[in-house]
There are 2 protein chains.
Amino acid sequence: MGGIIIKNISIGDELLIGQVINTNAAWLGEHLASAGYQLDSALAIGDSEKAILDALHACMDADLVLVTGGLGPTADDITKPTVCKFFDTELEFCQAAYDNMVSIFNRRGFQMSERNRGQTMLPKSCQYIPNTYGTAPCMWLEKEGSVFVFMPGVPFEMKGIFNDELLPRIKARFHSVPYAKRVVMTTGIGESFLADRIKEWEEALPEFLSLAYLPQHGMVRLRLSGRHEDADLLNATLDNEIEKLKPLISDYIFALQDQLIERTVFDLLINKGMTFASAESCTGGNIAHRITLIPGSSEVFRGTTVTYATPAKTKVLGVPAETIEKHTVVSQQVVDAMAVGVRNLMESDFGVATTGIAGPSGGTEETPVGTVWIGVASSLGVVSKCFNFGKDCENVINCATIMAYEMLRQAILSHTENATS
Amino acid sequence: MGGIIIKNISIGDELLIGQVINTNAAWLGEHLASAGYQLDSALAIGDSEKAILDALHACMDADLVLVTGGLGPTADDITKPTVCKFFDTELEFCQAAYDNMVSIFNRRGFQMSERNRGQTMLPKSCQYIPNTYGTAPCMWLEKEGSVFVFMPGVPFEMKGIFNDELLPRIKARFHSVPYAKRVVMTTGIGESFLADRIKEWEEALPEFLSLAYLPQHGMVRLRLSGRHEDADLLNATLDNEIEKLKPLISDYIFALQDQLIERTVFDLLINKGMTFASAESCTGGNIAHRITLIPGSSEVFRGTTVTYATPAKTKVLGVPAETIEKHTVVSQQVVDAMAVGVRNLMESDFGVATTGIAGPSGGTEETPVGTVWIGVASSLGVVSKCFNFGKDCENVINCATIMAYEMLRQAILSHTENATS
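**A look at the overall build of chain A**
Part 1: Tallying secondary structure elements over chain A gives 15 helices and 17 strands in all.
Part 2: For the C-alpha atoms alone, the extent of chain A along its principal axes is close to 80 × 60 × 40 Å.
Part 3: A total of 421 residues make up chain A; the buried ones form 48% of that total.
Part 4: When contacts within chain A are restricted to residue pairs at least 6 apart in sequence, those whose partners lie at least 24 apart make up 67%.

Below, the structure is given as structure tokens:
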């Protein structure tokens, strides 16, 4: 496709002894692709001068080299001196890096240490790129036509710098081949069943498009993507193909963009000016945790309760002790009472409840590990269903959380239909 | 240390567009280290002949090259023809690979396809290594003193082959140097301050040991590791150094093994037969979510409440509306009342509460984004502290969660001291 060559180098012994999985490389690959570039290779090496020098030399055929890691204040970080050697330069004090560090320390109310002062020494020939997320600086250097960018390895710092500062600079410098993608989010159907359902459509796709199945706990993300110099044609073709796909799997689609289901629910509720609350047993606060990662969540989310103590369940949610005793905790009667109870307590439009056995122990013959009751209460009443999500504890929690959001989404939609009909 | 040079190459476009995170490299690194070897680099490349040939050539300085991926039955796999080119050989039918495949298909009750038959054609000069986990073969080839092993990329197949077949062959062929490590988990102190505190100790470490700082949201993992021909000496030296390290940073250590802080708290509470509950505002259920990922958590965790609705806060936790009005929601008075309130409500030994501004909006001059009050209530009263965790919403939630667990850990320890004094 005539694009530029981009390579990634991740520095850190921890990547080579299995202590840390290299997620930065995948993240960079994905975000470069979205911006119309293509990552050609990703190399992980240890914190050694020789390894770093060898890797930098091996990347001289690339147009752009993105290096992550090895820029912390501690002694195991030898990247900066090695960079100086490679670029035949030396360290000098950088006022902009110093000012940035002072402002970070002021904000956090800490004193700067001598080590942090050392982080404001940068290679003479580098262009300083601000990192407002942490104390490690980001550096842009050039050698014989290749651009080398050094970023900290801490993922949230690297991501912030890349989005805020780096991508605009890369776009200004390098030609990109238009890339576009469409994402369709599905839940309630397994990967292979989905594949069978859309087989004919998939096989008839134009050659410059490719489809990826990205299964995750309880959902499958479909990504249709391609690169083409004619961006209009590319986008029109993508839209056309998605229109053909939609009717084939309409029951399972919860979003036509790359977003989590809690985001879909958040947007729906914001639009309608409505709220929800949750009462979580087996999901253990994960429904609340997921929605509260969305900035502004408190506009639609009133709160949650996780009550393993039966007295609290009765006192807080108003679930009658007799109901628990008669039907057991993992039952339709209890999940219904929890959903109604939390809706009343939090004065929300919808109440979502989960009760189940995440495992590994606690299962019985009648109610095996993985059994989860989910209920959604609204002014129209309660809808509840029973599922089994298998025997892996974390998987049960995640699948139950996603299904709870899916049932909430359905409830919001039927609520609106009923309200307007 | 005179060890052999080992390199890993992972083949697959999916690794370079963010579709799949390369977990194989980390897994191989960890298992090689435990076996007394050291992975020197891990390279991910796409499914292209040129990329594969370049990568193989670049590894001619290694003693052992472990290649994963690119051996599946689908059309995008071009590894095998490229291998033939590199080793100057051609494909021929391999009876052992065929027999293995027949037995796998019989076990699964499927018919073999033409595509699968193609998988039994292997490079003439290779040594076939059985894969009882799937249909892709594993191959061992040599060139100019370097050993190249090609394995399937599907993680469970790769792991199975490595453990069953490959590691014994590697051990028979290459000398290994014993490796050992110790991990110390710290929180409440930044990476650079920690480094200052243990500078002298670190500088005096024997040459065959190395220290790595692995910072993560709100904590720093210290890893002291090394390789030495004398395994007993290595282990004794590691233990001795850790004993010297402990008093230097005793206030910040929460575990002497690689574990999360909620696990430490879980173990402490199980030992003492005690329980806790949480009232979460800015952490939004994350304290509950983290502990409920531990199987058996309900033995120590009584529940949580997340209450954004002020009436619910008053009704459920008993936080007086006047306190909220007078001091605002993000205040010591409110966090104290929440901690005490949830402890009473859930009838637990400890009550942990958080209230703060995770951002991005909602900050004021007096209470900027990132401000978090954390309180822990017990029968001895309430301890509460104020923090600022910066402006990234997810980071604030994670740091506040870890600090809440740290304060809970401290409270459990002082509670025990007081109870026994």
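**Let's talk about the domain arrangement of chain A**
Part 1: Partitioning chain A into structural domains gives domain 1 (6–173), domain 2 (179–255) and domain 3 (261–420).
Part 2: The straight-line distance from the C-alpha centre of domain 1 of chain A to that of domain 3 of chain A is 44 Å.

**Structural notes on the packing of helix H2 (residues 49–58) of chain B against helix H3 (residues 79–87) of chain B**
Residues and elements named next belong to chain B.
Part 1: Relative to each other, H2 and H3 sit at 45 degrees, their axes nearing to 10 Å. Comparing their axes, H3 and H2 come out oblique. Crossing of H2 over H3 shows right-handed handedness. Seen from H2, the contacting residues are Glu-49, Ile-52, Leu-53 and Leu-56; seen from H3, they are Thr-79, Thr-82, Lys-85 and Phe-86.
Part 2: Split by residue class, the contact of H2 with H3 holds 4 nonpolar, 2 polar and 2 charged.

**Here we look at unusual backbone geometry**
Residue and element names in this part refer to chain A.
Part 1: For Asp-88, which is not glycine, the phi torsion reads 55 degrees and is therefore positive.
Part 2: Note on Asp-88: 10 C-beta atoms within 10 Å, which makes it exposed.
Part 3: Phi at Thr-328 takes a positive value of approximately 70 degrees, unusual for a residue other than glycine.
Part 4: On the secondary structure map, Thr-328 appears in the loop between helix H13 (321–327) and helix H14 (332–346).

**Some points on the sheet that holds strand E10 (residues 209–216) of chain B**
Hydrogen bonding along the main chain pairs the strands of a sheet, whether they run parallel or antiparallel.
Residues and elements named next belong to chain B.
Part 1: Pairing in this open sheet of 4 strands is antiparallel, and the strands run E10-E11-E9-E12 from one edge to the other. Pairing within the sheet leaves two strands with one partner each, and these edge strands are E10 and strand E12 (253–255). Neighbour-to-neighbour, the strand axes of the sheet open up by a mean angle of 30 degrees, direction not taken into account.

**Here's the deal with helix H9 (residues 231–245) of chain A**
Think of an α-helix as 3.6 residues a turn; residues three or four steps apart then line up on the same face.
All names here are of chain A.
Part 1: Counted at 1.5 Å a residue, the expected span for H9 with its 15 residues is 21 Å, and the 21 Å between its end C-alpha atoms agrees.
Part 2: Among the residues of H9, Leu-234, Glu-241 and Leu-245 are the ones counted as buried. Looking straight down H9, one finds its buried side chains confined to an arc of 45 degrees; they lie on one side. Exposed and facing more than 90 degrees away from the buried side of H9 are Asp-232, Ala-236, Asp-239, Asn-240 and Glu-243.
Part 3: Residues of H9 that are buried in the fold lie against strand E9 (179–187), helix H8 (199–203), strand E10 (209–216) and strand E11 (219–227).

**Points about the interface of chain A and chain B**
Part 1: Counting residues at the interface gives 72 residues for chain A, matched by 69 residues for chain B.
Part 2: Broken down by class, the residue content of the side of chain A that touches chain B amounts to 38 nonpolar, 23 polar and 11 charged.

**Let's talk about the pairing of strand E3 (residues 64–68) of chain A**
Residue and element names in this part refer to chain A.
Part 1: Of all the 5 residues making up E3, 5 are buried; the element is thus mostly covered by neighbouring parts of the structure.
Part 2: Burial along E3 is two-sided: the face carrying Leu-64, Leu-66 and Thr-68 and the face carrying Val-65 and Val-67 are both buried.
Part 3: Note: strand E1 (residues 6–11) against E3, 5 bridges, orientation parallel. From the neighbouring strand, Ile-9 faces E3, where its bridge partner is Val-67.
Part 4: Summarising the sheet, E3 and strand E8 (residues 146–151) pair through 5 bridges and their orientation is parallel. Residue pairing for E8: Thr-68 is matched across the bridge by Met-151.

**A few points about the sheet that holds E10 of chain A**
All names here are of chain A.
Part 1: Taken in spatial order, the 4 strands of this open sheet run E10-E11-E9-E12, and their pairing is antiparallel. Unpaired on one side and paired on the other, E10 and strand E12 (253–255) mark the two borders of the sheet. Averaged over all pairs of adjacent strands, the angle between strand axes in this sheet comes to 30 degrees, irrespective of strand direction.
Part 2: Of the strand pairs in this sheet, E9 and E11 are connected by 9 bridges, and their pairing is antiparallel. Across the sheet, Val-183 pairs through a bridge with Arg-223, a residue of E11.

**Overview of the packing of helix H1 (residues 23–34) of chain A against helix H6 (residues 155–173) of chain A**
Residues and elements named next belong to chain A.
Part 1: The contact between H1 and H6 brings their axes to 11 Å, and the two run at 20 degrees. Judged by the inter-axis angle, H1 sits roughly parallel to H6. For H1 against H6, the interelement crossing comes out right-handed. Residues Thr-23, Asn-24, Trp-27 and His-31 of H1 pack against Pro-155, Met-158, Lys-159 and Phe-162 of H6.
Part 2: Residue composition of the contact of H1 with H6, by class: 4 nonpolar, 3 polar and 1 charged.

**Topic: the pairing of strand E14 (residues 301–307) of chain B**
It is a general feature of regular strands that their side chains alternate between the two faces of the sheet.
Part 1: Counting buried residues in E14 of chain B gives 7 out of 7 residues, a clear majority hidden from the surface.
Part 2: Examined bridge by bridge, strand E14 (residues 301–307) of chain A and E14 of chain B share 5 bridges and lie antiparallel to one another. When the sheet's bridge partners are listed, Thr-305 of chain A is paired in E14 of chain B with Thr-305 of chain B.
Part 3: Of the crossover connections in this fold, the one passing from strand E13 (residues 276–280) of chain B over helix H11 (residues 286–292) of chain B to the parallel E14 of chain B is right-handed.

**Examining the confidence of the model for chain A**
Part 1: Mean pLDDT over chain A works out to 91, with 98% of the residues at or above the 70 mark.
Part 2: Here the predicted complex carries an ipTM of 0.77, next to a pTM of 0.79.

**Looking at the environment of His-175 of chain B**
Part 1: With respect to the helices and strands, the residue His-175 of chain B is situated in the loop between helix H6 (155–173) and strand E9 (179–187).
Part 2: For His-175 of chain B and Gly-3 of chain B, which are 172 residues apart along the polypeptide, the C-alpha to C-alpha distance reads 7.4 Å.

Conventions adopted
Residues numbered from 1 in each chain as written. Chains lettered and ligands numbered in written order. Predicted model: local features only at pLDDT ≥ 70, side-chain atom pairs only at ≥ 80, totals over all residues. Helix = DSSP H or I, 4+ residues; strand = E, 2+ residues; numbered from the N terminus. Buried ≥ 20, exposed ≤ 12 C-beta atoms within 10 Å, placed from the backbone. Contact = placed C-beta atoms within 7 Å. Domains from an automatic or database assignment. Axes fitted to C-alpha atoms, helices over the stretch in contact; angles between N-to-C directions. Parallel < 35°, antiparallel > 145°, perpendicular 65-115°, else oblique. Left-handed = near helix turned anticlockwise from the far one by under 90°. Nonpolar A, V, L, I, M, F, W, Y, C, P; charged D, E, K, R; others polar. Pairing = 2+ DSSP bridges. Expected span 1.5 Å × (residues − 1). Arc of directions from axis to C-beta. Right-handed = clockwise from strand over helix to strand, strands pointing away. pLDDT = per-residue confidence, 0-100.

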